[in-house]
Amino acid sequence: MHALRLLCLGAITLLLPVTALAQGGPTDRPPLDQAAALRGKRLYAEHCINCHGSTAKGGPNGPDLIRSSVVLRDRLGSGIGPAMRATPVSHPAALTAEQILDLSHFLRERIEAVARNRTPRGPINVLTGNPEAGRVYFNAAGRCHTCHSPSGDFKGLRARISDALTLQQRFLFPTLTRSDKQVEVTVTPASGPAVSGRLMRIDNFSVSLRGADGEYRSFSRVPGVAVVVHDPLAVHHELLDEYTDEVIHDVVAYLWTLE
Amino acid sequence: MRAGAVLVVMLAAAVHVAGQGRVDDAALLNPAPDSWPMYNGDYSGRRFSALSTIDSGNVTSLSLGWTHRIAASGPAGGGGASAAIIKGTPVVANGVLYVTIPDHVWALDARTGRELWHATWPSRGGWHIGNRGVAVLGTTVYVETPDCHLLALDDRTGQEKWRTEICDLDQFYYASAAPLIVKNHVIVGVSGDDLDIPGYLEAHDPETGTRQWRWYTHPDPGTPEAATWPSAEAMLHGGGMTWGSATYDPELNLIYFGTGNPQPVINGRQRRGDNLYTGSIIALNPDTGRLAWYFQSSPHDTHDWDSTQTPVLFDGTIDGRPRKLLAQAARNGWFFVLDRQTGRSVVSTEYVKTNWARGVDPNGRPVPNPQKEPQADGALVSPNQGGAQNWPPPAFSPQTGLFYVNATRAFSVYYLYEDENDEKPQGWGGNDRGGWSEAMLLALDVHTGKARWQFKWDGSATTRSGLLATAGNLLFAGDGAGNFVAFDAARGQPLWRAGLHASLTNGPITYQLDGIQYVVVAANDTLYAFASPRR
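Because the structure is predicted, anything quoted here is derived from the model rather than measured. (Residues numbered from 1 in each chain as written. Chains lettered and ligands numbered in written order. Predicted model: local features only at pLDDT ≥ 70, side-chain atom pairs only at ≥ 80, totals over all residues.)

## A short note on the overall build of chain B
- The secondary structure content of chain B amounts to 2 helices and 37 strands.
- For 535 residues, the compact-globule estimate of 2.2 N^0.38 gives 24 Å, and chain B sits close to it at 22 Å.
- For chain B, the spread of C-alpha atoms along the principal axes amounts to about 65 × 60 × 45 Å.
- For chain B, buried positions account for 63% of its 535 residues.
- For chain B, restricting intrachain contacts to residue pairs at least 6 apart in sequence, the fraction spanning at least 24 positions comes to 60%. (Helix = DSSP H or I, 4+ residues; strand = E, 2+ residues; numbered from the N terminus. Rg over C-alpha atoms; globule rule 2.2 N^0.38 Å. Buried ≥ 20, exposed ≤ 12 C-beta atoms within 10 Å, placed from the backbone. Contact = placed C-beta atoms within 7 Å.)

## Remarks on the interface of chain B and chain A
- Facing the 49 residues of chain B at the interface are 41 residues of chain A.
- Among the elements of the structure, strand S26 (379-381), strand S28 (402-416), strand S29 (430-445) and strand S34 (494-499) of chain B are those that each provide at least two residues to the side of chain B that touches chain A.
- Looking at side-chain class alone, the side of chain B that touches chain A contains 17 nonpolar, 21 polar and 11 charged residues. (Nonpolar A, V, L, I, M, F, W, Y, C, P; charged D, E, K, R; others polar.)

## What to know about the packing of helix H7 (residues 131-139) of chain A against helix H11 (residues 245-255) of chain A
All names here are of chain A.
- Direction vectors running N to C along H7 and H11 enclose 100°, while the axes themselves pass 7 Å from each other. Considering their axes alone, H7 and H11 lie roughly perpendicular with respect to each other. Facing Pro131, Ala133, Gly134, Arg135, Tyr137 and Phe138 of H7, the residues of H11 in contact are Val247, Asp250, Val251, Ala253 and Tyr254.
- The residue inventory of the contact of H7 with H11, partitioned by class, reads 8 nonpolar, 1 polar and 2 charged. (Axes fitted to C-alpha atoms, helices over the stretch in contact; angles between N-to-C directions. Parallel < 35°, antiparallel > 145°, perpendicular 65-115°, else oblique.)

## Structural notes on unusual backbone geometry
- Across the junction of Gln263 of chain B and Pro264 of chain B, the peptide omega takes the value -5°, indicating a cis bond.
- Looking at the element boundaries, Pro264 of chain B is found in the loop between strand S17 (254-258) and strand S18 (280-284).
- With an omega of 5°, the peptide bond running from Ser382 of chain B to Pro383 of chain B counts as cis.
- Residue placement: Pro383 of chain B occurs in the loop between S26 and strand S27 (395-397).
- Backbone geometry at Arg143 of chain A places phi at a positive 60°, although glycine is not the residue there.
- Looking at where Arg143 of chain A falls in the secondary structure, it is placed in the loop between H7 and helix H8 (157-160).
- Note on Arg143 of chain A: 13 C-beta atoms within 10 Å, which makes it partly exposed.
- The phi angle at His300 of chain B is positive, at roughly 45°, despite the residue not being glycine.
- With respect to the helices and strands, the residue His300 of chain B is situated in the loop between strand S19 (291-296) and strand S20 (312-318).

## A closer look at H7 of chain A
All names here are of chain A.
- For H7, the complete set of buried residues consists of Gly134, Arg135, Tyr137 and Phe138. Projection of H7 onto a plane perpendicular to its axis shows the buried side chains occupying an angular sector of 165°, all on one side.
- In the core, the buried residues of H7 are packed alongside H11. (Arc of directions from axis to C-beta.)

## A word on the sheet that holds strand S33 (residues 483-488) of chain B
Residue and element names in this part refer to chain B.
- The 5 strands are arranged S2-S31-S32-S33-S34 in an open sheet whose pairing can be described as mixed. Because the sheet does not close on itself, it has two edges, and the strands there are strand S2 (48-49) and S34.
- Bridge count between strand S32 (residues 474-478) and S33: 5 bridges; the pairing is antiparallel. The residue of S33 that forms the bridge with Leu475 is Phe487. (Pairing = 2+ DSSP bridges.)

## A look at the pairing of strand S23 (residues 345-350) of chain B
All names here are of chain B.
- Of the pairings in the sheet, the one linking strand S22 (residues 334-339) to S23 comprises 5 bridges and is antiparallel in character. When the sheet's bridge partners are listed, Phe335 is paired in S23 with Thr349.
- Here S22 hands over to S23 after 5 residues, with Gly343 in that stretch at a positive phi of 80°.

## Some words on the confidence of the model for chain A
- On average, residues of chain A carry a pLDDT of 91, and 92% of them reach 70 or more.
- Long-range and interchain partners of residues 1-17 of chain A, a stretch whose pLDDT sits below 50, account for 18 contacts in this model, where long-range means more than four residues apart. (pLDDT = per-residue confidence, 0-100.)

## A word on the environment of Gly45 of chain B
All names here are of chain B.
- Of note, Gly45 is situated in the loop between helix H1 (25-29) and S2.
- Separated by 266 residues in sequence, Gly45 and Pro311 place their C-alpha atoms 6.9 Å apart.
- Look past the residues within four positions of Gly45 in its chain and what remains in contact with it is Asn40, Ser245, Thr247, Thr310, Pro311, Val312 and Leu313.

## So, helix H2 (residues 34-47) of chain A
- A rise of 1.5 Å per residue sets the reference length of H2 of chain A, with its 14 residues, at 20 Å; its end C-alpha atoms lie 20 Å apart and thus fit the reference within 8%.
- All of the buried residues along H2 of chain A are Ala36, Ala37, Gly40, Lys41, Tyr44 and Ala45 of chain A. (Expected span 1.5 Å × (residues − 1).)

## Points about the packing of H2 of chain A against helix H6 (residues 97-115) of chain A
Residue and element names in this part refer to chain A.
- Where H2 contacts H6, the axes come no closer than 7 Å and their chain directions differ by 100°. By the angle between their directions, the pair H2 and H6 is classed as roughly perpendicular. Across the interface between the two elements, Ala36, Ala37, Arg39, Gly40, Lys41, Leu43 and Tyr44 from H2 touch Gln99, Leu101, Asp102, Leu103, His105, Phe106 and Glu109 from H6.
- For the contact of H2 with H6, a count of residues per class yields 7 nonpolar, 3 polar and 4 charged.

## Here's the deal with the confidence of the model for chain B
All names here are of chain B.
- When pLDDT is averaged along chain B, the result is 94; 94% of the residues meet or exceed 70.
- With pLDDT under 50 throughout, residues 1-19 is counted as low confidence; its partners more than four residues away or in other chains account for 36 contacts.
- For this predicted complex, the interface score ipTM comes out at 0.92, while the overall pTM is 0.94.

## What about the pairing of strand S5 (residues 96-101) of chain B?
Residue and element names in this part refer to chain B.
- Within S5, 6 of the 6 residues are buried, leaving the element largely enclosed by the surrounding structure.
- Residues Val96, Tyr98 and Thr100 of S5 are buried on one face, and the alternating residues Leu97, Val99 and Ile101, pointing to the opposite face, are buried as well.
- Here strand S4 (residues 91-93) runs beside S5; their pairing, made up of 3 bridges, is antiparallel. Paired with Ala93 across the two strands is Val96, which belongs to S5.
- The antiparallel pairing of S4 with S5 creates a hairpin that spans 2 residues between the two strands, and Asn94 there sits at a positive phi of about 60°.
- Relative to strand S6 (residues 104-109), S5 runs antiparallel, the two sharing 6 bridges. Opposite Tyr98, over in S6, you have Ala107 as the bridge partner.
- Here S5 folds back onto S6, and the loop between the two strands holds 2 residues, one of which, Asp103, carries a positive phi near 75°.

As structure tokens, this is what we get:
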């Protein structure tokens, strides 16, 4: 039993501390005391873990404490203290008020961890593909090589991107913010010559551009006005319907090799 | 001290607007043209007005009648959006327009936009992501609060009559929906997906606030539907919130609403199965809260795709037979037409292209592709978490027979946050990230689900504009670039537009007072009332 306890303590030690608090729930909860939560974690491992589990989500002999209304309504031990004292057979340890307070902070931290786990708590590993398959796709079916090359615009790619997750996102959803390319538009008024330039803004009722001469021009999209937009990223948007997840992982694995 | 005792009421003027009578049961069953007496305008959810003072021939004569900027620094407390953004639909009754954000209700003169009163109150917390609006009955205005209360306010002053708790803030529930009045029931829904809690819909007495019934969005343990969960514990903590709008068929005496996604939200590996009654369209008896039927539009959702979009009621002819129908353009990108007496499928089809379903089963339900569940290294999914549709309300015109939806076609990557030390995922356990999207206005043929016409919103990645159809062959809609547009409802041609300071953030409404037809929309913190020439 003691070995099990030590093993489980190792598991909860891996849990990262929660620093920011969830935005939902009541605002009358006292501030989370991280030092108290750490002391509470040790107490939990000593007195509670065998029944309530390594993550306080319950076990064969004890309920889930994250989903416990007693714990959720607890304020600095106001709920869990009386609840434990009322059930001395299952809670034989005579904990002091300070220890109950520490346990309260620990459980509060566990609840916060669940309430915030829409945010990743560790790195996301997206390097699961086959780099060689990705290279083949890059140079054949994906037609990536028609615009990009490892010795050209992708030279030293890895050094310019902080991590593979960011690379995956930029591969799928590129922007022009780091590019010398831009969205071009040509507007042909009902009378007069066509005007081209960098697209500034467009909706169904107006369009504006900045010409090569630096001048800003806007037009109402009324009948007779022709607007042609050339977006260098349009092909990327169309590819979203073609990519398989396997291709995505392969291409990212390949691009990550481009030192 | 009771929170109600510190209710702040600012009476700009103790003026009782000379009106056309307060809302009663008959007025809710047959809304008068001078009113918009509930969230969707009437019980059908069609957002179709019989007014035709403004029509496709004279819509260019619309002019700005008034504007009103809500004077608030923002919600009073809690998490979520901090800005004062009107995401609800105003209610108009007795010459007064009621508009809300979380923790605030304003009463305005519907003719002028002048403030009559403003009620606000301290908050104990909860997500302040939005408030969908009020319900009115007699002299009472009902509103939900983020800290889990249903408030009843005096319609002349904003003074609190009573409040009652409708959910447990300590379990991270919150409340944002617009209540619905059906006979002597105030029907309220609840929200919350931080922790794993069950959703429910409940009814309260309009006079006292006493709860009349509560219907949980999970099956009773031991029933066949309960077998769609791996365990009773997973089911009883399985989500399915009720934050959308409900509709009502008085003849069948059934209310209809959609349920939210199951929980844990993204990591569904410990809740294998269809997870009834999450992601479903539900029909209940409003007097008893008893289930009549259900149709699950998103079995075993793992993408946060609530099915809370409005179930719109209309009648039609299918295979030569008149039918009472219901349609929903769901967040998952699928369009469903059901027989609303039985819940049986009539049409099930994508209304935007998606990539998460392998097909449709014999009962009309999409069949999820397990490979498009969130993955540790990412799965490219369409639509994204925001969905092909979300809370902005759709519209249906009985004149054109078309169902209108402001749709988004979007991609993102869904990640699963795996933790080998945690055998019991809770909360979310993943999320989506990044993306690309485009927005379009669709007019769907309800017999096929295919677009009779579509209008791509150039330059708009998405839109949060609801829709309004009128008997003047008009469809009002907004894009993501600040344009408020009137379309020819039958043909999809834009006929009139106004450039607002921001994009629409709610659903347009219309009413007629003194021979002037008003069309009112919100863009962030400002209401714009466009007015016709006096008839």
